[in-house]
Amino acid sequence: MRFIQRRTALLAVGALAGALMAGNAMAQQVTLRLHQMLPQQATIPARALIPWAQKVEAESGGKIKVQLFHAMALGGAPPQLYDQARDGVVDLTWTVLGYTPGRFNKSEVFELPFMSGSAEESSRAFQEYVEKFAADEFREVKLIAVHTHGPGLFHTKTPVTGLESLRGMKVRGGSRVINNMLTKLGATPVGMPVPAVTDALSKGTIDGTTIPWEVTPSLKVTELVKNHTTFAGKQGLYTQTFAFSMNRASYEKLPPDLKKVIDANSGIETAALFGKAMDDGDKAGREIAEKAKNNIVALDAAETQRWRRTAATVETDWVNEMKGKNIDGAKLLSEARALIAKYQR
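Parameters at a glance
Residues numbered from 1 in each chain as written. Predicted model: local features only at pLDDT ≥ 70, side-chain atom pairs only at ≥ 80, totals over all residues. Heavy atoms only, no water. Helix = DSSP H or I, 4+ residues; strand = E, 2+ residues; numbered from the N terminus. Buried < 20%, exposed > 50% of the residue type's maximum accessible area, 1.4 Å probe, protein only. Contact = heavy atoms within 4.5 Å. Lys, Arg positive; Asp, Glu negative; His and termini not counted. Charge placed at Lys NZ, Arg CZ, Asp CG, Glu CD. Pairing = 2+ DSSP bridges. Axes fitted to C-alpha atoms, helices over the stretch in contact; angles between N-to-C directions.

Asker: Could you give an account of the overall build of the protein chain, with specific residues and numbers?
Answerer: The secondary structure content of the protein chain amounts to 14 helices and eleven strands. Out of the 345 residues belonging to the protein chain, those deemed buried represent 52%. Within the protein chain, contacts between residues at least 6 apart in sequence are counted, and of these 77% link residues at least 24 apart. Measuring between centres, the 43 positive side-chain charges of the protein chain sit 5 Å from its 35 negative side-chain charges.

Given below as structure tokens:
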């Protein structure tokens with residue numbers, strides 16, 4: 001009888017220990033909800049966000065689970081994504097900084113005309129720039145990474161063969177800096193988030209759009225317009241800036257070992273991962289346009305220089321505006337150019 005009682009007691013203790021261990025293991029498992037604006041097959045979800053999530057899950061030994069919600073599945077509009085991460089509506093978001101004008105003033109410098117080319121190179125530069133000169137703009141979140149897209153260009157219903165042919169054309173712009181540039185170049189800017197481009201082109205709300213090659217497949221742009229205008233040299237007409245952010249409280253609640261996993265997947269190499277995805281997407285997007293036998297206009301060096309001269313006043317506007325905000329825009333512009341040159345191959 002004593003043996004049976006002792007054995008029963010040991011089994012009970014073992015079961016309790018097992019339950020405690022299982023409960024502790026379950027307590028260490030965290031599900032992070034990631035919300036973004038594009039379809040799952042678009043470049044950044046397919047080539048950056050999903051691989052990032054898989055890497056974090058693997059390196060955490062399965063303790064972190066990243067649940068992805070694409071194409072605004074959790075509600076709201078793209079301009080609200082940054083605040084969704086800040087406010088804890090979700091744990092992680094990826095979005096365009098230019099969708100909230102006047103908020104990321106120092107970061108806007110990378111959107112100025114003819115600043116950068118390769119997305120991987122400029123994303124490294126942008127990440128270092130933000131860490132050194134604009135970290136305060138992201139103090140409300142745990143910043144995973146910032147990055148840019150590749151060279152921006154025109155996709156239009158009628159061909160843009162020079163400055164004159166752009167005049168009066170209704171063209172989508174993705175930020176206030178880009179819209180100012182379009183105005184200087186003679187176009188009529190129409191501001192809208194990128195997911196709205198397909199419908200706007202279909203309905204004739206716009207005559208064309210400024211986007212990089214990489215996003216054209218998911219938006220069906222090469223089917224809706226047949227003309228694409230590129231520029232001479234390594235720099236594109238413009239670029240846009242992006243942030244991949246985490247709710248600060250969601251990060252702080254993690255145990256130290258899981259914080260290390262997030263930290264190891266944040267910063268300049270993560271920025272480069274997103275930039276490389278953009279570069280690879282640019283190649284794929286252009287190939288689709290070529291296979292469709294669309295008209296790809298390549299402006300020569302002399303014509304590109306005309307665009308550069310005309311767009312240069314956008315820099316002056318930005319520097320003067322920053323001065324009014326007690327920000328040394330001229331210094332930030334110089335620092336940004338130096339960092340782009342540092343990473344340019």
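The discussion continues.
Asker: Before we move on, can you summarise the sheet that holds strand E1 (residues 30-35) with the specific residues and values?
Answerer: Strand order in the open sheet formed by five strands is E2-E1-E3-E10-E4, with mixed pairing between adjacent strands. At either margin of the open sheet sits one strand with a lone partner, and together these are strand E2 (64-69) and strand E4 (141-148). Across this sheet, the average inter-strand angle for adjacent strands is 20 degrees, counted without regard to direction. Taken together, the six bridges between E1 and E2 define a ladder with parallel strand orientation. Bridge pairing links His-35 to Phe-69 in E2. Set on the sheet, helix H4 (residues 119-134) makes contact with E4 and strand E10 (241-247); between it and E4 the angle comes to about 145 degrees.

Asker: Explain the pairing of E10 to me, using residue names and the numbers behind them.
Answerer: Judged by how many residues are buried, E10 sits mostly within the fold: seven of seven residues are covered. A two-sided burial pattern is seen for E10, the buried positions comprising Thr-241, Ala-243, Ser-245 and Asn-247 on one face and Phe-242, Phe-244 and Met-246 on the other. For strand E3 (residues 92-96) and E10, the ladder comprises five bridges, and the chain directions are antiparallel. Bridge pairing in E10 links Leu-92 to Met-246. Here E4 runs beside E10; their pairing, made up of seven bridges, is antiparallel. Bridging across to E10, Thr-148 finds its partner in Thr-241.

Asker: Account for the sheet that holds strand E9 (residues 227-230), with residues named and values stated.
Answerer: An order of E7-E6-E8-E5-E9-E11 is seen for the six strands of this open sheet, with the pairing classed as mixed. Lying at the two open borders of the sheet, with one neighbouring strand each, are strand E7 (188-191) and strand E11 (295-298). Adjacent strand axes in the sheet meet at a mean angle of 25 degrees when their direction is disregarded. Pairing of E9 with E11, which is carried by four bridges, proceeds in the parallel orientation. Within E11, the position partnered with Thr-230 by the bridge is Ala-298. Packed on one face of the sheet, helix H6 (residues 176-185) meets strand E5 (153-156), strand E6 (170-173), E7 and strand E8 (208-211) and runs near 155 degrees to E6.

Asker: I'd like a description of the side chain of Lys-142, backed by residues and values.
Answerer: Looking at the element boundaries, Lys-142 is found in strand E4. Its relative accessible area of 14% is what places Lys-142 among the buried residues. Ignoring anything within four residues of it in the chain, the contact list for Lys-142 reads Ser-245, Met-246, Arg-248, Tyr-251, Ile-262, Asp-263 and Ser-266.

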